[in-house]
Amino acid sequence: MKTVFLPDELIAQVKAIAESENYPEVTRILNKPSPSDMETADTMTAIRLTREEAQALANVAIVEHMKAELKYPYWSDGHPKYDEAHESEFFEIQAGLFGKLLHYLNEFDIKTR
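So, a few notes on the structure that sits alongside this text. For clarity, every value in this text was computed on a predicted model and none was experimentally measured.

With that settled, consider the packing of helix α1 (residues 8–21) against helix α3 (residues 51–71). α3 packs onto α1 with a crossing angle of 75° between their chain directions and a minimal axis gap of 10 Å. In terms of orientation, α1 and α3 fall into the roughly perpendicular class. Of α3, the residues touching α1 (which contributes V14, I17 and E21) are L57, V60, E64 and K67. Considered class by class, the residues forming the contact of α1 with α3 number four nonpolar, no polar and three charged.

Membership of the largest hydrophobic core comes to 26 residues, with the highest contact counts inside it found for V14, V26, L49, L57, L101 and L105. Mapped by element, the contributors of at least two residues to this core are β1 (2–7), α1, α2 (24–30), β2 (44–49), α3 and α4 (84–104). What L57 contacts, discounting residues up to four positions off in sequence, is L6, V14, V26, I29, L30, L49, L101 and L105.

This brings us to α4. For α4, built from 21 residues, the straight-helix expectation of 30 Å at 1.5 Å per residue is met to within 8% by its first-to-last C-alpha distance of 29 Å. For α4, the full list of buried residues reads H86, F90, G96, L97, F98, L101 and L102. Those residues of α4 that are buried are in contact with β1, α1 and α3. Regarding α4, its N-cap is D83, as a side-chain oxygen of that residue lies 2.8 Å from the backbone nitrogen of A85 further along.

Moving on: α3. When the terminal C-alpha atoms of α3 are compared, their 30 Å separation across 21 residues agrees well with the 30 Å that a helix rising 1.5 Å per residue should span. Among the residues making up α3, those that are buried are E53, A54, Q55, A56, L57, A58, V60, A61, I62, E64, H65 and A68. Residues of α3 that are buried make contact with β1, α1, α2, β2 and α4.

Let us look at the environment of Y74. By secondary structure assignment, the location of Y74 is in the loop between α3 and α4. You can call Y74 partly exposed: its relative accessible area is 27%. As for Y74 and F90, which are separated by 16 residues in sequence, their C-alpha atoms are 9.1 Å apart. Not counting chain neighbours up to four residues away, the residues in contact with Y74 comprise H79, K81, Y82, D83 and H86.

Here we come to unusual backbone geometry. Among all residues except glycine, the phi angle is most often negative; among peptide bonds, the trans geometry is most common. For N22, which is not a glycine, the phi torsion comes out positive at approximately 60°. Along the chain, N22 falls in the loop between α1 and α2.

What counts, and where the lines are drawn
- Residues numbered from 1 in each chain as written.
- Predicted model: local features only at pLDDT ≥ 70, side-chain atom pairs only at ≥ 80, totals over all residues.
- Heavy atoms only, no water.
- Axes fitted to C-alpha atoms, helices over the stretch in contact; angles between N-to-C directions.
- Helix = DSSP H or I, 4+ residues; strand = E, 2+ residues; numbered from the N terminus.
- Parallel < 35°, antiparallel > 145°, perpendicular 65-115°, else oblique.
- Contact = heavy atoms within 4.5 Å.
- Nonpolar A, V, L, I, M, F, W, Y, C, P; charged D, E, K, R; others polar.
- Core = buried A, V, L, I, M, F, W, Y, C linked by side-chain atoms within 4.5 Å.
- Buried < 20%, exposed > 50% of the residue type's maximum accessible area, 1.4 Å probe, protein only.
- Expected span 1.5 Å × (residues − 1).
- Polar contact = N/O pair within 3.5 Å; in protein donor to acceptor, adjacent residues only side chain to side chain.

Everything listed here is a matter of coordinates, which is why it stays silent on function.
And the structure:
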């Protein structure tokens, strides 16, 4: 088990998705108490995760990324139907939830596909 520090805003975002999509394991993981031996900053929370728990959190970001690919298929300027609005929305998800969560979980062997 490893301790990672996640931004509270990111935890809230993943928790909201987990609750709305009914992902009970992700909700359980995010509701675990912080380790009592760890100090946390005002905007960060310490959480102890197994590799499987880290993968479950990453899976939320992966699913949201896949949804973005389906919802905004014309995001690439190489696509004949390129749409700037699609690009903007797609990259907001790519750089936001997907990129941030995978960044914070980088010490785990996360499978992204």
